[in-house]
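Here is how the chains run, residue by residue.
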Amino acid sequence: MTPSTNLDIKHPAFAQRLCQAMDSAGIKAADLNRAIGISHEMVRRYRMGAAKPRNIEALAQVLRVDPAWLALGKGNNDRQACSASDDKPVLTPLLMARIAALSAEKHAQLTVMLDGLLRGLELDLTQSQ
């Protein structure tokens, strides 16, 4: 059985901006539904323009775009302008969702790998000073 494509398209401009932001961020629908906790069907409806999310801010945060641009096409759609204001990296909701989805074994492996990476970076920093 094929899914119904007979959707009432109410938000085509929003759908276009969402798809543009997803492409720009390299985020797939499966990543988006995990990151903001919505069903695959809702992401599909958003991307087709049949629905618009209530919580634009969460979606914009994952995509790293201005919520006003995503919702209304106003404001700035520059991903750099929406990044963290300081130099410190942040764990994005998408990254946090991916980490949360790991099995306990994979989570432990990631922890060991990151610990080694951080120790190597600290060593590099002390040697370069």
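Because the structure is predicted, anything quoted here is derived from the model rather than measured. (Residues numbered from 1 in each chain as written. Predicted model: local features only at pLDDT ≥ 70, side-chain atom pairs only at ≥ 80, totals over all residues. Heavy atoms only, no water.)

1. A short note on the packing of helix α1 (residues 12–25) against helix α4 (residues 56–63)
Any two packed helices are characterised by the angle at which their axes cross and by the distance between the axes.
Right, on to step 1. Their axes nearest at 9 Å, the elements α1 and α4 cross at an angle of 30°. Taken together, the axis directions place α1 and α4 in an arrangement best described as roughly parallel. Residues F14, L18, A21, M22 and A25 of α1 touch α4, and the partners they reach there are I56, L59 and L63.
Right, on to step 2. Looking at the contact of α1 with α4 residue by residue, the classes come out as 8 nonpolar, no polar and no charged. (Axes fitted to C-alpha atoms, helices over the stretch in contact; angles between N-to-C directions. Helix = DSSP H or I, 4+ residues; strand = E, 2+ residues; numbered from the N terminus. Parallel < 35°, antiparallel > 145°, perpendicular 65-115°, else oblique. Contact = heavy atoms within 4.5 Å. Nonpolar A, V, L, I, M, F, W, Y, C, P; charged D, E, K, R; others polar.)

2. So, the confidence of the model for the protein
When pLDDT drops low, the exact placement of atoms in the prediction is not to be read closely.
Right, on to step 1. Overall, the prediction assigns the protein a mean pLDDT of 79, with 79% of residues at 70 or greater.
Right, on to step 2. Scored below 50 in pLDDT, residues 80–88 makes 8 contacts in the model with residues more than four places away or belonging to other chains. (pLDDT = per-residue confidence, 0-100.)

3. Overview of the pattern of salt bridges
Right, on to step 1. Scanning all chains against the criterion turns up 3 salt bridges.
Right, on to step 2. Where E41 meets R44, a salt bridge forms, and the shortest distance between an N and an O atom there is 2.9 Å. Residue E41 and its partner R44 are located together in helix α3 (residues 40–48), separated by 3 residues, close to a single helical turn.
Right, on to step 3. A relative accessible area of 35% means that E41 is categorised as partly exposed.
Right, on to step 4. The salt bridge partner of R119 is D115, with a shortest N-O separation of 3.1 Å. Here the residue R119 and the residue D115 both occupy positions in helix α7 (residues 104–128), the gap between them amounting to 4 residues, near one helical turn. (Salt bridge = Lys/Arg side-chain N within 4 Å of Asp/Glu carboxyl O. Buried < 20%, exposed > 50% of the residue type's maximum accessible area, 1.4 Å probe, protein only.)

4. What to know about the environment of D31
Right, on to step 1. For D31, the position within the fold is in helix α2 (residues 29–36).
Right, on to step 2. Given a relative accessible area of 8%, D31 falls into the buried group.
Right, on to step 3. Taking C-alpha positions, D31 is 9.7 Å from V62, a pair spaced 31 residues apart along the chain.
Right, on to step 4. Side-chain polar atoms of D31 contact the side chain of R34, separated by 2.8 Å. (Polar contact = N/O pair within 3.5 Å; in protein donor to acceptor, adjacent residues only side chain to side chain.)

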